[in-house]
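# Examining the three-dimensional arrangement
Each chain, written out:
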Amino acid sequence: MKIMVIQGPNINMLGKRERKVYGVMTMDDIHEQMKAVAEQAGVGIEFFQSNFEGEIVDKIQECLGEFDGIIINPAAYTHTSIAIRDALSSVNLPAIEVHISNIYQREEFRHKSLIAPVCAGHIAGFGPIGYHLAMIGMLQIFEQIKRMEADSKDA
């Protein structure tokens with residue numbers, strides 16, 4: 001099983017930008033922790049970050065047939081991107097949306113996620129550990145998929 005982690009705009013600035021909101025960990029720190037979890041679980045993991053909506057859409061589409069799940073922090077595109085939402089919907093892979101900050105405690109325009117309705121789950125407000133929670137969630141989804149496949153073979 002393989003997971004693609006997609007990071008949206010400004011996530012590459014973690015550790016430098018708005019440290020009171022996003023903390024001190026960098027994107028690379030978060031990715032290293034996720035790699036360790038993936039290695040322990042025996043799953044593959046790759047990472048992608050872009051500040052450009054079209055590149056994120058392209059990466060989601062490239063996941064079809066190559067990856068089994070997507071963990072995504074669409075960042076500011078969470079609230080504006082029908083294109084990212086449609087791409088996630090079209091590849092029909094389990095996806096988990098992650099936000100470091102609690103978007104519901106912030107400005108009102110951040111309270112609405114266009115992405116969450118097409119995801120298996122939504123994690124917000126736990127800081128960088130939210131990515132770890134998403135990994136646990138994705139591993140659970142993979143386990144359920146394996147069991148359903150085994151059950152269908154037995155039937």
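Residues numbered from 1 in each chain as written. Predicted model: local features only at pLDDT ≥ 70, side-chain atom pairs only at ≥ 80, totals over all residues. Heavy atoms only, no water.

Another aspect to go through is helix α5 (residues 129–154). For α5, spanning 26 residues, the distance from its first C-alpha to its last is 38 Å, which sits close to the expected 38 Å at 1.5 Å a residue. What α5 keeps buried is the set Gly130, Tyr131, Ala134, Met135, Met138, Ile141 and Phe142. The inward-facing, buried residues of α5 abut β1 (2–7), α2 (27–41), β2 (44–49), β3 (69–73), β4 (95–99) and β5 (121–124). (Helix = DSSP H or I, 4+ residues; strand = E, 2+ residues; numbered from the N terminus. Expected span 1.5 Å × (residues − 1). Buried < 20%, exposed > 50% of the residue type's maximum accessible area, 1.4 Å probe, protein only. Contact = heavy atoms within 4.5 Å.)

Attention now moves to the nonpolar core. With 23 residues, the main nonpolar core has Ile3, Met34, Ile71, Tyr131 and Met135 as its most contacted residues. Elements represented by at least two residues in this core include exactly β1, α2, β4 and α5. Tallying contributions element by element places α5 first for this core, with six residues. Non-local contacts of Met135, meaning those with residues more than four positions away in its chain, are made with Ile3, Met34, Val37, Ala38, Ile45 and Ile71. Counting residues in hydrophobic clusters, the runner-up holds 19 residues, among them Cys63, Ile72, Ile84 and Leu88. (Core = buried A, V, L, I, M, F, W, Y, C linked by side-chain atoms within 4.5 Å.)

Turning next to the UniProt feature "binding site: substrate" (unreviewed entry) in the protein. Per the UniProt annotation, the sites labelled "binding site: substrate" (unreviewed entry) are Asn73, His79, Asp86, Ile100, Ser101 and Arg110. Its relative accessible area of 45% is what places Asp86 among the partly exposed residues. Inspection of the secondary structure assignment puts Ile100 in the loop between β4 and β5. Judged by relative accessible area, Ile100 falls into the buried class, the value being 4%. (UniProt positions renumbered as here; feature names shortened; annotations may be inferred.)

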